[in-house]
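Next come the chains, spelled out residue by residue.
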Amino acid sequence: MRVLVSGGAGYIGSHTAVALLAHGHDVVVVDDFSNSKPTVLGRMESLSGKHIPMHSFDLCDADKTEHLFASEQIDAVIHFAGLKAVGESVAKPLAYYRNNLETTFSLLRAMNRTGVRRLVFSSSATVYGDHAPVPYQEDYQPLSAASPYGRTKVMNEQILTDVAAVTDGLKIAMLRYFNPVGAHPSGRLGEDPQGIPNNLMPFIAQVAVGRRERLQIFGNDYPTDDGTCERDYIHVEDLAAGHVAAVEHLDDLREPVRPFNLGTGTGTSVLELFHAFERAVGHALPYEVVGRRAGDLPAYWADPARAHRELRWQATKTIDDMCADTWRWQSQNPQGYPDA
């Protein structure tokens, strides 16, 4: 299968592209490098031993998107491209609504005109909102979100559902994943956030490598075992394998659009993850507890049974695996990917 990976130079996209190539698929990447660096492509090709056709433009440009589909044979699309920082989305809602919806519109129009009928969409556990019972299950309604970023995911899921209902043969897997962490075991691919990291693991990694003074833990008085928030952390390699499984099972979906949770089904607290990273590094790291952060839920994790049952996928890597691979990446690349 020849798969177009939008946002394929990003953190999850790059790992998924390499996994697709390892499973015998061909890959075409499109990325505007707004949240990634062109130097990742050479590493992807080195790890896979294969040439990866690369198109650099903004998918909001419908004309360029249609030209891409006209010039490349494409059998399926995995759609990662989009802005993803929750805090930034609150400050810049219009940018998030424009980018995250327009990229989907462009892809759907181009797919429709060229007869491409397979799509895997990068969704998020944020669509479950603040009131879904834990563990989160795919049939929960109504979907909601507390940020413009999250609402773009809810809107995209509804758009895809409506389009699939009137498009013969269109099959869409919507993958709701939880907290991606980790890195390629080679240390050559990893998470390289621009500016101050928004997520816990890359922040810890930057503390460990000396780029940040200490970790701030937002509250230790939650109703959890150690008082810190619990999340479902999933290794990016497991996540990439989930996308491969999804694209390979699209033709067998029970219905035109099917959501799947990709998670481990286990909650891990902030302190548990932090201490696991200390084990990977081999020494203690500095941290301080500060006040709670507005909007943080005490604990949530996935029910991944549907993905296991229908996609024959399940997460296999442990928290210690996630931390060891992240530290290998960060210690080998203390400043992230080099500039082009």
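Residues numbered from 1 in each chain as written. Predicted model: local features only at pLDDT ≥ 70, side-chain atom pairs only at ≥ 80, totals over all residues. Heavy atoms only, no water.

Engineer: For the nonpolar core, give the residues involved together with the corresponding values.
Structural biologist: Membership of the largest hydrophobic core comes to 42 residues, with the highest contact counts inside it found for L20, V27, M44, V120, A173, L175 and L262. Counting only domains with at least three residues in this core, you end up with domain 1 (2-181 + 233-264) and domain 2 (183-230 + 266-308 + 319-332). The next biggest cluster of nonpolar side chains, apart from the first, holds 25 residues, and it includes L200, L215, C229 and I319. (Core = buried A, V, L, I, M, F, W, Y, C linked by side-chain atoms within 4.5 Å. Buried < 20%, exposed > 50% of the residue type's maximum accessible area, 1.4 Å probe, protein only. Domains from an automatic or database assignment.)

Engineer: Summarise the UniProt feature "domain: NAD-dependent epimerase/dehydratase" (unreviewed entry) in the protein chain; cite the residues concerned and give the values.
Structural biologist: As annotated by UniProt and renumbered to match this structure, "domain: NAD-dependent epimerase/dehydratase" (unreviewed entry) occupies residues 3-263. Secondary structure content for residues 3-263 is 38% helix and 18% strand, and the end C-alpha separation is 23 Å. (UniProt positions renumbered as here; feature names shortened; annotations may be inferred. Helix = DSSP H or I, 4+ residues; strand = E, 2+ residues; numbered from the N terminus.)

Engineer: Any details on the domain arrangement of the protein chain? Residues and values, ideally.
Structural biologist: Segmenting the protein chain into domains produces domain 1 (2-181 + 233-264) and domain 2 (183-230 + 266-308 + 319-332). Each of domain 1 and domain 2 was reduced to a C-alpha centroid, and the two centroids are 24 Å apart. When domain 1 packs against domain 2, close to 3,000 Å² is buried across both sides, 60% of that on carbon and sulfur atoms. Summed over the shared surface of domain 1 and domain 2, the result is 2 salt bridges. A salt bridge links D139 to R306, with the nearest nitrogen and oxygen atoms 2.8 Å apart. (Buried area = accessible area lost by both parts, 1.4 Å probe. Salt bridge = Lys/Arg side-chain N within 4 Å of Asp/Glu carboxyl O.)

Engineer: Talk me through helix α11 (residues 319-332); I want residue IDs and the actual numbers.
Structural biologist: With 14 residues, α11 extends 20 Å between its outermost C-alpha atoms, agreeing within 8% with the 20 Å of an ideal straight helix rising 1.5 Å per residue. Those residues of α11 that fall on the buried side of the exposure criterion are I319, M322, C323, D325, T326, W327, W329 and Q330. Looking at the buried side of α11, the elements it contacts are α2 (39-48), β7 (179-181), α7 (200-208), β10 (233-235), β12 (268-269) and α9 (270-281). (Expected span 1.5 Å × (residues − 1). Contact = heavy atoms within 4.5 Å.)

Engineer: If you had to explain the side chain of S122 to someone new, which residues and values would you point to?
Structural biologist: Within the fold, S122 resides in strand β5 (residues 118-124). In this structure, S122 is in contact with H79, F80, K153, L175 and Y177, ignoring residues within four places of it in sequence.

Engineer: Talk me through the pairing of strand β6 (residues 171-177); I want residue IDs and the actual numbers.
Structural biologist: The element β6 is largely enclosed, with a buried count of 7 among its 7 residues. Judged by which residues are buried, β6 turns out to be covered on both faces: K171, A173, L175 and Y177 on one side and I172, M174 and R176 on the other are all buried. Taking the sense of rotation as the criterion, the β-α-β connection linking β5, helix α6 (residues 148-165) and β6 turns out right-handed. In terms of strand pairing, β6 meets strand β11 (residues 257-262) through 6 bridges, oriented parallel. If you follow I172 over to β11, its bridge partner there is V257. (Right-handed = clockwise from strand over helix to strand, strands pointing away. Pairing = 2+ DSSP bridges.)

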